[in-house]
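Each chain is listed here by its residues.
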Amino acid sequence: MTEPTVNEDQNPLTKPKFIISAVVVAIIVALGIILALVPKGNGTTAPEPSTAAASTSSMQPSATEAASVCGLPAGDQAKPATAPADTKWELIGKIAAPTSPKQFGPGKTESNGLRSCFAHSPMGALYAAVNVAALSGSGKADLVYEQLAVPGPERDAVLKSSPSAAPQSVPAQLVGFTVRSYASERTVIDLAFKGSNGAFVSIPVPLQWFGGDWKIVVPATGDTGARQIADLSGYIEWAGV
């Protein structure tokens, strides 16, 4: 397998703290900066990603704060136990992402391709996680972190690093998911991707309900818990390609 060409002085994947197996790195680079900060080691362990954010209040949000920024209904608050039925998929670059503009999101799609406004529910968070990953993998990582991440020093540090996907990588597609945890303001959606080389990678995506939408949380430790997995055991299979 051809390894990604990277600048060792700028790319976080070359830092000792973030090095894991080449298989995982190649797929992670293909999916964008949301997946670029990966843990030290061989990728066989899965630490729970932190969803802490400095700007978060411990108080319950008001009705206004809980409302969707584009008016999407919150809907069912139960964690999905099966794959969403009759899913409609759209390609973002080369990655298939689910779309349900009137129910789960994205409720907004900008002229620059940015997709935002997802329902305040577990299903809305799932749609948000996949769309963010696809946007990142399509070369819009800078825009994702600027517009779709919870503000804070960790996000600012990533933006200063000018995140971008490497030109050589292993194409990957979503093949499954599981909702690791869900509360009204915080969730961790674990996405499983399969590379064109047949390898599976688990990507936990921490999200926070912020400003009427689901936003990604940049881990304070730089450790997303991304790892290679043997198969889809424990995941709900779901794919658009």
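Our structure is the block above this text.
What this report covers is the structure whose coordinates are included nearby. Keep in mind that what you see is a predicted model, and the values were worked out from it rather than measured.

Here we take up the overall build of the chain. Secondary structure assignment for the chain yields 4 helices and 10 strands. Counting from the amino terminus, helix and strand elements in the chain follow one another as α-α-β-β-β-β-α-α-β-β-β-β-β-β. Per-residue burial over the chain gives 51% buried out of 241 residues. At a minimum sequence separation of 6, the contacts of the chain that also span at least 24 residues come to 65%. On the chain, roughly 10900 Å² of surface is accessible, and the fraction owed to carbon and sulfur atoms is 52%.

Next up on the list: the environment of tyrosine 235. Secondary-structure assignment places tyrosine 235 in the loop between β9 (227-229) and β10 (236-237). When residues no more than four places from it in sequence are discounted, the contact partners of tyrosine 235 are Gly176, Phe177, Thr178, Asp190, Leu191, Ala192, Ser202, Arg227 and Ile229.

Moving on, we come to the pattern of salt bridges. On inspection of all chains with the given rule, the structure shows 3 salt bridges. Here aspartate 156 and arginine 155 are joined by a salt bridge, their closest N and O atoms 3.4 Å apart. Across the pair aspartate 190 and arginine 180 runs a salt bridge whose closest N-O atoms are separated by 3.2 Å. Of this pair, aspartate 190 sits in strand β6 (residues 186-195) while arginine 180 sits in strand β5 (residues 172-182); the two residues are 10 residues apart in sequence, bridging distant segments of the chain. With a relative accessible area of 3%, aspartate 190 lands in the buried category. According to the relative accessible area criterion, arginine 180 is partly exposed, its value standing at 23%.

Let us now look at the environment of isoleucine 229. On the secondary structure map, isoleucine 229 appears in strand β9. The buried category is assigned to isoleucine 229, whose relative accessible area is 12%. The spacing of isoleucine 229 and lysine 194 is 35 residues in sequence and 9.8 Å in space, taken between C-alpha atoms. Discounting chain neighbours no more than four positions away, the residues touching isoleucine 229 are Ala192, Phe200, Val201, Ser202 and Tyr235.

Rules and cut-offs
Residues numbered from 1 in each chain as written. Predicted model: local features only at pLDDT ≥ 70, side-chain atom pairs only at ≥ 80, totals over all residues. Heavy atoms only, no water. Helix = DSSP H or I, 4+ residues; strand = E, 2+ residues; numbered from the N terminus. Buried < 20%, exposed > 50% of the residue type's maximum accessible area, 1.4 Å probe, protein only. Contact = heavy atoms within 4.5 Å. Areas by Shrake-Rupley, 256 points an atom, 1.4 Å probe, with all protein chains shown as cover. Salt bridge = Lys/Arg side-chain N within 4 Å of Asp/Glu carboxyl O.

Interpretation in functional terms is not warranted from these geometric data alone.
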